Amino acid sequence: MLSRLSDEKISAAFRRAIREPGLLGEEDSAVIFYDLSYLKERIEDMIGLFPESALHAVAVKANPLTKILKQIKDLGAGAEAASLPELYLAEKAGFSSDKIVFDSPVKTVQEIEYALKAGIHINADSLQEIERIAVILNRISSQSTVGIRINPQVGTGSILSTSVAGEFSKFGVPIKTNREALTEIFLKYDWLCGVHLHIGSQGCEVGLIMKGIETVLIFVNEINRLLEKKKARRRIAIFDIGGGLPVSYHRDKEPVSMSQYKEELKYRFDQLFTDEFRLITEFGRYVHANTGWTASRVEYVKKEKSVTTVMIHVGADMFLRKCYRPDDWHHEITVADSCGNIKTGRDKNRYVIAGPLCFAGDMIAKETILPEIAEGDYIIIHDTGAYTLSMWSRYNSRQIPKVIGYYNDGEIFEILRERESLQTLWEFWN
Ligand code: LLP
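Residues numbered from 1 in each chain as written. Predicted model: local features only at pLDDT ≥ 70, side-chain atom pairs only at ≥ 80, totals over all residues. Heavy atoms only, no water.

*Asks:* Would you take a moment to explain the domain arrangement of the protein for this structure?
*Replies:* The domains assigned to the protein are domain 1 (7-34 + 290-429) and domain 2 (104-281). In this complex, domain 1 contributes 13 residues to the contact, which on the side of domain 2 involves 11 residues. Roughly 1000 Å² is buried in total at the junction of domain 1 and domain 2, and carbon and sulfur atoms are behind 47% of that figure. Among the residues domain 1 hides against domain 2, the three largest losses belong to W329, H330 and E332. Together they make up 45% of the total. Remark: the boundary between domain 1 and domain 2 carries two salt bridges. Across the salt bridge formed by E332 and R251, the nearest N and O atoms sit 3.5 Å from each other. At the junction of domain 1 and domain 2, the tally comes to five residue pairs in polar contact (both at pLDDT 80 or more). (Domains from an automatic or database assignment. Contact = heavy atoms within 4.5 Å. Buried area = accessible area lost by both parts, 1.4 Å probe. Salt bridge = Lys/Arg side-chain N within 4 Å of Asp/Glu carboxyl O. Polar contact = N/O pair within 3.5 Å; in protein donor to acceptor, adjacent residues only side chain to side chain.)

If you want it as structure tokens, here you go:
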């Protein structure tokens, strides 16, 4: 099966949504949809591929909607929290402490203490943080396991702003200059029992991710041999491979599947699939991106000789990356009529799809050839399930659209979040 939702599947659900009494109102000029049957399938598939002992801590930052977090929890996966508020969301969604990984890159004493008291697995981001944890553990007792994030320095991928394993990165402990220091802390602290790495998001090919894992695994084996030699009766037992498996945002591209990724991992690092380690994964984009799409009504079509500008109701508020780094990111676009039927054909016009915000760069597509677009049609933006709503920008104070989940191509709908009210907006700025 292809990883992206087809136009036909999206249109089937959209047509039903438009017909469903009371689901969409006049004010719902843009709506965000999630195919929850597909999300379930992707999570079950991922869990089924890895050893039962593995923890799949799905990155909360990719999609923090609490109803979706609950679904992830009910399916048996965990949560990766990159901040204390994300940790709070994970706890509120019902994840037990053994299913949460706390990865914030900048943890305060108070935050560390909170996680340690709750028994949550912590990945320290630096040697300094390890020392901080050591001080705190001197005064409190904790069931937490602790790992350290290592930057394997294997290089950057094609998208610099989401690549984190170059020679320099703001994350983790660079291995090349800190091998000795890392060895020392593993020998010194008996509570330090895990390693963590994450290479980047989207732009890093599987080969680069594998190189990172290999670099860290070689180091782990070195340390474990050393610990054994010293009769330490402990070893590094938690191996967190992070997330970063790229997804397809293009009609004509099909990326490496989770099953192929796992096969490659197992082929190269069979050791990680034995009881020697508890494996942790932290996929976000792979789980979510292809399960979501966004529909916006076309408010105006402004025709000029050379280009036609289509004004819609989402832009750089939801598609920060696409608008600010257009060359790095892409979303396929489909045109539907007011009933949700996909429009086909190619207009001779070149279209700019522009958002509602008050700046020139607020465009989610530039000079693209699309079927004829008219006022009242819908622009459907594909693959918007990850790092879109979660990166919502408050500029121009636009209201966050209604978010709707659905099962079986729209046989069942569930409102995941109401359209933001003006009152809530007022409270935000007040
Ligand atoms: N684990 C850690 C430690 C991470 O930093 C990330 C992503 C993940 C897991 C999940 O990576 P994924 O499987 O989703 O690729 N659109 C955002 C992406 C930032 C990703 C940050 N970290 C942006 O443009 O900034």
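So much for the structure itself; the text now carries on.
*Asks:* Mind showing me how you'd approach the packing of helix α2 (residues 36-49) against helix α9 (residues 258-268) here?
*Replies:* The description of two helices packed together rests on the angle between their axes and the distance between the axes. Remark: α2 packs on α9, axes separated minimally by 10 Å, with the N-to-C direction vectors making an angle of 15°. Our classification of the angle between α2 and α9 gives roughly parallel. Considering only the axes of α2 and α9, their crossing is right-handed. Seen from α2, the contacting residues are D45, M46 and L49; seen from α9, they are M258, S259 and K262. Here the contact of α2 with α9 is built from residues that sort into three nonpolar, one polar and two charged. (Axes fitted to C-alpha atoms, helices over the stretch in contact; angles between N-to-C directions. Helix = DSSP H or I, 4+ residues; strand = E, 2+ residues; numbered from the N terminus. Parallel < 35°, antiparallel > 145°, perpendicular 65-115°, else oblique. Left-handed = near helix turned anticlockwise from the far one by under 90°. Nonpolar A, V, L, I, M, F, W, Y, C, P; charged D, E, K, R; others polar.)

*Asks:* Explanation requested: helix α1 (residues 7-19) in the structure shown.
*Replies:* Each turn of an α-helix holds 3.6 residues, which means side chains three or four residues apart point in the same direction. Taking 1.5 Å of rise per residue, the 13 residues of α1 would be expected to cover 18 Å, and the 18 Å separating its terminal C-alpha atoms lies within 8% of that figure. For α1, the set of buried residues is D7, I10, S11, A13, F14 and A17. Down the axis of α1, the smallest arc covering the buried residues is 165°, so these residues share one side. Those residues of α1 that are exposed and angled more than 90 degrees off the buried face are E8 and R19. Check the buried side of α1 and you find it contacts β1 (30-35), β11 (292-297), β14 (333-336), β17 (378-381), β18 (402-407) and β19 (412-417). (Expected span 1.5 Å × (residues − 1). Buried < 20%, exposed > 50% of the residue type's maximum accessible area, 1.4 Å probe, protein only. Arc of directions from axis to C-beta.)

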